[in-house]
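Each chain, written out:
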Amino acid sequence: MSQQTTLAVVLPKFAQFVQQLPTVDDLANCDEETLHRLWAGLGYYARARNLKKGAEFIVNRLNGRFPQSYREWLQIPGCGDYTAAAIASICLNEKVPCIDGNVIRVVSRLLALQDVWNTAGRSRIQDYLTQVIPSDRPGDFNQAMMELGATICRKTKPRCDICPLQMQCLAYANNCIEICPPKKPRRVLVDTELFVLIFWHRQTDTLAIGERTDGFLAKTIGFPLTIAHQLSKLDRWQPLQLPGKFTHAIAHHRITGRICVIQLNSNDIDISMRQHLALSKTLHWMNRLDLSAKLLTALDRKAFQLFQNYTYSDSICEQLALNL
DNA sequence: CACCCGTGGTC
DNA sequence: TGACCAAGGGT
């Protein structure tokens, strides 16, 4: 959960998660909706699915026995260098360093390294840590390094005045803390316009959601999504765009979300249109109350909120010509 | 190696 | 309001 996610956000989710799925068997056997519901608010839903795959691997391939080394943990789906090192050092007392964003910053300053955002720099950091990590309590060492980065050797306003490593820190000695490490190069933001399709069965006031097979939020259930130049293919359904919009961000995309309401008579759409919309086989129709409990992703929730704002009463609908 | 991916918090 | 980013991993 803590991969690329703030711990303060993780902690309550983690408590809920392990209460609901206390054992590796529970996780391996849970259904995907439960999994995603417990993960909602954390983003990167593929991590949740990988976590479940990891549990399945342990239950089905390893007969329920957990790996007993860094190398073996690396074989587990969703478990990469960092996580394998964290588990191996903290749980198994294996002498292998954890390298996360905090540790990269600490070592970058300690050794006055600037070239840390590529393979060579990372290798240099790993070599150094492998030299200095103690055989005694390697897990505590790793957590201490991460905690030092999180609390003292911070990205902004580091507390060098109270740092226990001040006397050994080359960046401090050379007065180059500001450029160690240099800012990580980031992708330029891209403005992306996204249309959220809300299939609406007006007579029963039910809406449709489905599993998205491609694009943003793939493999999660929610409203069909599409982009502007694909919208023309929906013309025969007379899509009606609501006046409002919402904003959302996914990775380097600055998303402007717009709602297209499509009133349907039948309960399904044909296969070519399903593929066009990157939807899997089944659409799930439900009323607004059930839907509000089913929607998981922030994007779907924002879209639904906007839809509610514009369609909460017949009079509003009529003003919007939604009573076709 | 480059690129993909979600969200809530923070300044 | 909005840019920035966090206990990364998969492809």
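Note that the structure is predicted; figures quoted are calculated from it, not measured. (Residues numbered from 1 in each chain as written. Chains lettered and ligands numbered in written order. Predicted model: local features only at pLDDT ≥ 70, side-chain atom pairs only at ≥ 80, totals over all residues. Heavy atoms only, no water.)

## Let's talk about helix H3 (residues 32-39)
- For H3, the complete set of buried residues consists of Thr34, Leu35, His36, Leu38 and Trp39.
- Of the surrounding elements, those touching the buried residues of H3 are helix H1 (7-20), helix H2 (24-29) and helix H4 (45-61).
- Among the residues trailing H3, glycine 41 stands out with phi positive, at a value near 100°. (Buried < 20%, exposed > 50% of the residue type's maximum accessible area, 1.4 Å probe, protein only. Helix = DSSP H or I, 4+ residues; strand = E, 2+ residues; numbered from the N terminus. Contact = heavy atoms within 4.5 Å.)

## A few points about the nonpolar core
- Membership of the largest hydrophobic core comes to 77 residues, with the highest contact counts inside it found for Val196, Phe223 and Ile259.
- Residues in contact with isoleucine 259, not counting those within four places in the same chain, are Val196, Ile198, Leu240, Gln241, Leu242, Phe246, Ala303 and Leu306.
- Ranked by size, the runner-up nonpolar core spans 16 residues in total, among them Leu197, Ala208, Leu231 and Cys260. (Core = buried A, V, L, I, M, F, W, Y, C linked by side-chain atoms within 4.5 Å.)

## Regarding the packing of aromatic side chains
- For the structure on display, the rule yields five aromatic pairs.
- Plain terms: the ring middles of tryptophan 200 and phenylalanine 307 are 5.5 Å apart, the flat faces sit at 85° to each other, and that makes the pair edge-to-face. Of this pair, tryptophan 200 sits in strand E1 (residues 190-201) while phenylalanine 307 sits in helix H13 (residues 298-311), placing them 107 residues apart in sequence.
- Arranged with centres 6.5 Å apart and planes meeting at 35°, the rings of phenylalanine 223 and phenylalanine 304 form a pair that is tilted. (Phe/Tyr/Trp six-rings, centres within 6.5 Å; stacked < 30°, edge-to-face > 60°.)

## A look at unusual backbone geometry
- Cis rather than trans, the peptide bond between cysteine 180 and proline 181 has omega equal to -5°.
- Take proline 181: it is sitting in the loop between helix H10 (170-173) and E1.
- Positive phi is not limited to glycine here, since leucine 217 has a value of about 60°.
- You can see leucine 217 is positioned in the loop between strand E2 (206-212) and strand E3 (221-222).
- A positive phi angle, near 50°, is found at alanine 251, a position not held by glycine.
- Here alanine 251 shows up in the loop between strand E6 (246-250) and strand E7 (253-263).

## What about the protein's contact with DNA strand B?
- Taken together, 20 residues sit near DNA strand B, with Thr119, Arg187, His248, Ala249 and Ala298 positioned nearest.
- Protein-proximal atoms of DNA strand B, defined as those within 4 Å of the protein, fall in sugar or phosphate at a share of 65%.
- In the environment of DNA strand B, a base nitrogen lies 3.2 Å from a nitrogen or oxygen atom belonging to the side chain of threonine 5.
- Measuring from a sugar or linking oxygen of DNA strand B, one finds a backbone N or O atom of glycine 41 at 3.4 Å.
- Elements represented by at least two residues in the surface near DNA strand B include exactly E6 and H13.
- By residue class, the composition of the surface near DNA strand B is ten nonpolar, nine polar and one charged. (Near = heavy atom within 4 Å. Polar contact = N/O pair within 3.5 Å; in protein donor to acceptor, adjacent residues only side chain to side chain. Nonpolar A, V, L, I, M, F, W, Y, C, P; charged D, E, K, R; others polar.)

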